[in-house]
Amino acid sequence: MQRASTLLFGLLAMTILTGGNCSRARVESVNQMNEGVVYAQQKRYVDAVKSLERATAIDPTNDQAFYNLALVHIELRSFERAKDDLNQAIAVNGEVAGYHEKLGTVLMQLEDWEDAKEAFERSIEIDPDLFKAYFKLGQVLEELEDRQGALERYTEAIEHGPRFLEAYMQLGRLYANLGQDYLDEAAQVLNGGLEVAMPNSEEEASLHHLIGTVYQQQRNYDQAIEHFRAALEIVPGMRDALFSLGWTYSLTENREEARRYLKKFVEIAGADAPPHYLKAARDRLGELSVN
């Protein structure tokens, strides 16, 4: 799994957290929790853990303290401990959709797909508008080889979060992976993403590249080239677009442009480039150099 995304820690006013419960234990727990949050914001994670653990020990009904402790453990990539923290928060207050959604995210890191599926489904039951939960549930269903379910969840992520571009990309990619019969749907979804993407953003460039790959599969090379070039206008060094553009030109017998872009790809590929792409580019360059 990819690195967990950046997390947000927030100070909580005691009156909001306690709902009027101003016992001495709760006051001390909130103070310790807020101290831990400040440490977390300063990236002093060891100190943050100590303060937040004190907060939960002082008042075991402080579900927000358990949740913030989970966020720190996620930053430390201690996913098993984060799972325990979130389960504690849920045991205290199981009606917070965000707790279940974050638990599902942690379970994805642990590759516990079935329990992650249950956590995301519960978060959606509590808050049907939680679009990222639909999206992550789609990712889990792909891992469980339920492609139809994944298509439905990605679609719902778009319906509930119409500006959430990752959902367009995942849905379009999944349609494309289903084969030739679904390429029109893939292009439609990805073009829908273009309509809401911020102009000249990296996300817009990525969408252009994905659309280009769909058109390439359809052998609509002119449209593919147009989108690959659009991606490179936004991000001139976009490695995937350089390869795709060069490869597509080679399919159209435009040897000069094919060599031009494949050479650029090889030049900037870097050590982390997929070896099979580098080999394919070099092999094709060799073929194109033959008169």
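Residues numbered from 1 in each chain as written. Predicted model: local features only at pLDDT ≥ 70, side-chain atom pairs only at ≥ 80, totals over all residues. Heavy atoms only, no water.

### So, the overall build of the protein
- If you tally the helices and strands in the protein, you get 16 helices and 0 strands.
- Expected size for 291 residues packed as a compact globule is a radius of gyration near 19 Å; at 24 Å, the protein overshoots this value by more than 25%.
- For the protein, the spread of C-alpha atoms along the three principal axes comes to 85 × 35 × 30 Å.
- Across the 291 residues in the protein, those meeting the buried criterion constitute 47%.
- Contacts spanning at least 24 positions in sequence make up 51% of the contacts within the protein whose residues lie at least 6 apart.
- Looking at the protein as shown, the accessible area adds up to about 15,000 Å², and 46% of this sits on carbon and sulfur atoms. (Helix = DSSP H or I, 4+ residues; strand = E, 2+ residues; numbered from the N terminus. Rg over C-alpha atoms; globule rule 2.2 N^0.38 Å. Buried < 20%, exposed > 50% of the residue type's maximum accessible area, 1.4 Å probe, protein only. Contact = heavy atoms within 4.5 Å. Areas by Shrake-Rupley, 256 points an atom, 1.4 Å probe, with all protein chains shown as cover.)

### Things to note about the packing of helix H3 (residues 45–58) against helix H4 (residues 63–75)
- Interhelical geometry of H3 versus H4 gives an angle of 155° and a closest axis separation of 9 Å. On the basis of their axis angle, the class for H3 and H4 is roughly antiparallel. Note that H3 runs across H4; the crossing there is left-handed. Residues Tyr45, Ala48, Val49, Leu52, Glu53, Ala55 and Thr56 of H3 form the contact with H4, whose participating residues are Ala65, Phe66, Asn68, Leu69, Val72, His73 and Glu75.
- Among the residues forming the contact of H3 with H4, the class breakdown is 9 nonpolar, 3 polar and 2 charged. (Axes fitted to C-alpha atoms, helices over the stretch in contact; angles between N-to-C directions. Parallel < 35°, antiparallel > 145°, perpendicular 65-115°, else oblique. Left-handed = near helix turned anticlockwise from the far one by under 90°. Nonpolar A, V, L, I, M, F, W, Y, C, P; charged D, E, K, R; others polar.)

### So, the environment of Gln64
- The topology assignment puts Gln64 in helix H4.
- On a C-alpha basis, the gap between Gln64 and Leu52 in space is 9.7 Å, while along the polypeptide they are 12 residues apart.

### A closer look at the pattern of salt bridges
- Applying the stated criterion across every chain, the model contains 18 salt bridges.
- When the shortest N-O distance is used, the salt bridge between Asp47 and Arg44 registers 3.0 Å.
- Ionic pairing is found between Glu142 and Arg173, a salt bridge with its closest N-O pair at 2.7 Å. Within this pair, whereas Glu142 is found in helix H8 (residues 131–143), its partner Arg173 is found in helix H10 (residues 165–177), the two being separated by 31 residues in sequence. (Salt bridge = Lys/Arg side-chain N within 4 Å of Asp/Glu carboxyl O.)

### Description of helix H15 (residues 255–268)
- Under the 1.5 Å per step criterion, the end-to-end length of H15 is 20 Å for 14 residues, consistent within 8% with the ideal 20 Å.
- Considered for burial, the residues of H15 that qualify are Glu257, Ala258, Tyr261, Leu262 and Phe265. The buried residues of H15 occupy one face: seen down the axis, they fall within an arc of 120°. Opposite the packed face of H15, turned more than 90 degrees from it, sit the exposed residues Glu256 and Glu267.
- At its buried positions, H15 is contacted by helix H13 (221–234), helix H14 (239–251) and helix H16 (275–288). (Expected span 1.5 Å × (residues − 1). Arc of directions from axis to C-beta.)

### A look at the packing of aromatic side chains
- For the coordinates displayed, the defined rule picks out 9 aromatic pairs.
- Site record: aromatic cluster; members linked through ring pairs are Phe131, Phe135, Tyr154 and Phe164.
- Cation over ring: Arg284 sits above Trp247, and NZ or CZ is 3.9 Å from the ring centre. (Phe/Tyr/Trp six-rings, centres within 6.5 Å; stacked < 30°, edge-to-face > 60°. Lys NZ or Arg CZ within 6 Å of the ring centre and 35° of its normal.)

### Considering H16
- Under the 1.5 Å per step criterion, the end-to-end length of H16 is 20 Å for 14 residues, consistent within 8% with the ideal 20 Å.
- By the burial criterion, the buried members of H16 are Leu278, Ala281, Arg284, Leu285 and Leu288. Taken end-on, H16 shows its buried residues confined to a sector of 135°, consistent with a single buried face. The exposed residues of H16 that point more than 90 degrees off its buried face are Pro275, His276 and Lys279.
- At its buried positions, H16 is contacted by H14 and H15.

### With respect to unusual backbone geometry
- Of note in this structure, Arg77 is not a glycine but carries a positive phi near 60°.
- If you trace the backbone, Arg77 turns up in the loop between H4 and helix H5 (79–92).
- The phi angle at Glu145 is positive, at roughly 60°, despite the residue not being glycine.
- Here Glu145 is to be found in the loop between H8 and helix H9 (147–160).
- Residue classification places Glu145 among the exposed positions, given a relative accessible area of 73%.

### Regarding the environment of Arg173
- Residue Arg173 is classed as partly exposed on the basis of its relative accessible area, which comes to 25%.
- Sequence separation between Arg173 and Leu245 is 72 residues; the distance between their C-alpha atoms is 18 Å.
- Apart from the residues within four sequence positions on either side, Arg173 is in contact with Glu142 and Tyr154.
- Within polar-contact distance, the side chain of Arg173 engages the side chain of Gln170 at 3.0 Å. (Polar contact = N/O pair within 3.5 Å; in protein donor to acceptor, adjacent residues only side chain to side chain.)

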